[in-house]
Each structure stands twice: as C-alpha cells, then as structure tokens.
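Per-entry structural report
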Amino acid sequence: MTGYALTVLALCAAVGATAGAFAIPRIADMLLSRAYWRSYTWWYRCLDDFAHYRDVCPDRLPRQNEKGTAGAVGIWLADCRSQALKGALTHERAEALREAGIDVGKGASTRSEVEQQRRCSFSPRPWQRAVLAAAMALWFAAQPLFGVPWHQGALLCVCGVAMASGVVCDLRARMIPLECCAALLVAGGAYQLLRHGSVGIAEGAVAAAAVLAVCWTANRIARKSGGSVGFGDIRCMTALAFACGPATLLGAAACYVSACAFSLAGMLAHRLGRRDGIPMAPFLSIWLAVGTTVLG
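Residues numbered from 1 in each chain as written. Predicted model: local features only at pLDDT ≥ 70, side-chain atom pairs only at ≥ 80, totals over all residues. Heavy atoms only, no water.

Section: the packing of aromatic side chains
Inspection of every chain in the model, using the stated rule, returns eight aromatic pairs. Here Trp37 and Tyr40 contribute two aromatic rings whose centre-to-centre distance is 5.6 Å and whose plane-to-plane angle is 70°, an arrangement assigned as edge-to-face. Here Trp37 and its partner Tyr40 are both found in helix H1 (residues 3–56), three residues apart, which amounts to about one turn of the helix. Taking the relative accessible area as the measure of exposure, Trp37 reaches 41% and is therefore partly exposed. Here Tyr40 falls in the partly exposed class, since its relative accessible area comes to 27%. Between Phe50 and Trp76 the ring centres are 5.9 Å apart and the planes differ by 50°, which places this aromatic pair in the tilted class. Placement of the pair is Phe50 in helix H1 and Trp76 in helix H2 (residues 68–85), with a sequence separation of 26 residues. The exposure classification of Phe50 matches that of Trp76, with both residues buried. Grouped by ring-pair contacts, the aromatic residues Tyr36, Trp37, Tyr40, Trp43, Tyr44, Phe50 and Trp76 constitute a single cluster. (Phe/Tyr/Trp six-rings, centres within 6.5 Å; stacked < 30°, edge-to-face > 60°. Helix = DSSP H or I, 4+ residues; strand = E, 2+ residues; numbered from the N terminus. Buried < 20%, exposed > 50% of the residue type's maximum accessible area, 1.4 Å probe, protein only.)

Overview of the confidence of the model for the protein chain
Per-residue confidence for the protein chain gives a mean pLDDT of 90, with 94% of residues at or over 70. Taken element by element, the predicted model of the protein chain shows its lowest mean pLDDT in helix H7 (residues 178–222) (85) and its highest in helix H5 (residues 126–145) (97). (pLDDT = per-residue confidence, 0-100.)

What about a nonpolar patch on the surface?
A cluster of nonpolar residues, Leu264, Met267 and Leu268, forms a patch on the protein surface that exposes about 300 Å² of accessible area. The residue Leu264 is located in helix H9 (residues 248–268) in this model. (Patch = residues over 30% accessible without salt bridge, like charges linked within 9 Å, V, L, I, M, F, W, Y side chains within 5 Å. Areas by Shrake-Rupley, 256 points an atom, 1.4 Å probe, with all protein chains shown as cover. Salt bridge = Lys/Arg side-chain N within 4 Å of Asp/Glu carboxyl O.)

Considering the packing of helix H6 (residues 150–173) against helix H10 (residues 281–293)
Between H6 and H10, the shortest axis-to-axis distance is 8 Å and the interhelical angle comes to 165°. Taken together, the axes of H6 and H10 lie roughly antiparallel to each other. Viewed along their axes, H6 and H10 form a crossing whose handedness is left-handed. Residue-level contacts link Leu156, Cys159, Gly160, Met163, Gly166, Val167, Asp170 and Leu171 of H6 to Ala281, Pro282, Leu284, Ser285, Leu288 and Thr292 of H10. (Axes fitted to C-alpha atoms, helices over the stretch in contact; angles between N-to-C directions. Parallel < 35°, antiparallel > 145°, perpendicular 65-115°, else oblique. Left-handed = near helix turned anticlockwise from the far one by under 90°. Contact = heavy atoms within 4.5 Å.)

What to know about unusual backbone geometry
For Arg174, which is not glycine, the phi torsion reads 55° and is therefore positive. With respect to the helices, strands and loops of the structure, Arg174 is situated in the loop between H6 and H7. Relative accessible area serves as the criterion here: at 45%, Arg174 is assigned to the partly exposed category. In this structure, His270 takes a positive phi of about 60° despite not being glycine. Here His270 shows up in the loop between H9 and H10. When its relative accessible area of 71% is taken as the criterion, His270 is described as exposed.

Comments concerning the pattern of salt bridges
Working definition: two side chains of opposite charge can pair if their charged atoms are close together. Under the counting rule described, the total for this entry stands at six salt bridges. The salt bridge partner of Arg38 is Glu179, with a shortest N-O separation of 3.1 Å. Taken as a pair, Arg38 in helix H1 and Glu179 in helix H7 lie far apart in primary sequence, 141 residues in all. According to the relative accessible area criterion, Arg38 is partly exposed, its value standing at 35%. Of the charged contacts, one joins Arg98 and Glu95 as a salt bridge, the two residues approaching to 3.7 Å between their closest N and O atoms. Of the two residues, Arg98 and Glu95 both sit in helix H3 (residues 91–99), three residues apart, roughly one turn of that helix. Using a relative accessible area of 33% as the deciding quantity, one classes Arg98 as partly exposed. We classify Glu95 as partly exposed; its relative accessible area is 38%. A network of salt bridges, in which partner residues are shared, links Arg34, Arg38 and Glu179.

See the structure below:
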C-alpha cells in the first residue's frame, strides 16, 4: 500500500472517528427528543379521536381496515395493546386507556411519562463515545480499503452515520427514528443508482416491496399473540432493502442469523425469555455492512 493510500485511509478513519464521537451522539439526542414529542402528540390525538369514535359508535371498537380516521385509530389501538402486552406503556397512558374503557391489564406499564422522556435523550459516557468513534472509523476507512469510488463511499458514509444514530436510539429507547430511515433510503438509493444504475434501483424497489410484504404477513400472524414487527424496524428494513439492492437477501440473512444467535445465547444464559424482544438496529447494521460491502 502506497503512502498516498495510507494517508487517505488515515484521513477517512479520522473523519469517521470524529463523526462517531461527536456528531452521532448529538444527532441521536436530537432525534430521540423529536421522536418522543412526535409520538406523544400522535398518541394523545388518537386518544381524543378514539373518544369521539366511541361517542358515535358506542358498541364497537375501530378496526385497522376501516377508512380514514377510524382506521388510523384502529392502528393506534392495536399498537396500544401490543405495547401493553410488552409492559411498555407509561403509567399515565395506561391509566388514560383504562379511563377510556380499554382493559390493558395490570402489567401494562413500567415507567412514568417523565422517565420515558428521560429515556428519549442521549448523553454519552466516555466509553460510548469511544465505541462509536471506533465503529465509525472502521466504516469510513472501509470505503477506500474496499476500493469504493469516493462519491459512492461518501454516500455509504452517510448511510453509516444514519444507521449508527438509529442503533443508539434503538438501544436507548427502543425506537428507530423516521429521519434515520429516510436518510438510509435517500443515500442508499443514490448509492445503488451510481453503483448499478437503473437495474440497481429496480432491484432495490423489488426487495423493499418484498420486505414490506413479509412484515405485513408476519404482523397479521403474530397479532393475536401481541407480537409484531415495529414500525421503525419495518421502515429501516425497507430502506436497507432499497440501499442493498441485489445483495438484500445476503444482508437480511446475516442480520437474522446474528439476531437469532444472540437471542439463543441470551436464553441459554437465562438473560432472555422466549417472549422477550431485542433491539434490532444493531443487527440491521450488519445487514447494511454485508449488503453494501460484500455484494453491494
């Protein structure tokens, strides 16, 4: 490796380390706060719409397949029940649901609204900055190391920053913000266009449609048990499928094999139960890495 190549490699690693240590924590904190207030406003607006629906139709509950506001409230109600089964509601929201006549059980909530808002923030510890810096240094340096042209590498770096921000948010508050998924979709789509042309875009669109179909089917099957694929996970997987194009299957396989291995290890160590969920964003980042560097 020539001196020039080593200099480029070191420069990319330094930029990545800086982004990981300083930019990503700030982005994650901002996105978590925005996501919390967006979710809070949406939740209580749906509660008001639900109360209005019951005034008009006191003998029935809204369903997801209804049109307009009723369908949106039906989706909200299904999400509330799913969150209640996981014990993920706040005390205030669980009580508001009970007052509205919705039985969510005794174990529906585990924290207050203030505690939830505190979770939706991120002030990194030194070791967390160090981990993010190391991860982003490797990701940024991998682009010239794998011979990716600079304009394509720049787009993949944007994807890496978006994915890392999503990982932080998912580990912190079990959510992948919409903005992370949008950045993955736009930068990943541009990468596919530059790398594979219109064929890459077409393959990415087909892969994204397939992901949506699989998630829709999985949610319908799991609805009765309260399990579901989260909206953030669905958005992120759709964006990843679009970004990885022809390598989507390989990336998805790497993601879910690693997630299954982690879950199995957790159950064998008695740290996870059969019904416990795990944050998927760390494993979705494996999807991105494999899908864009191996065959992408």
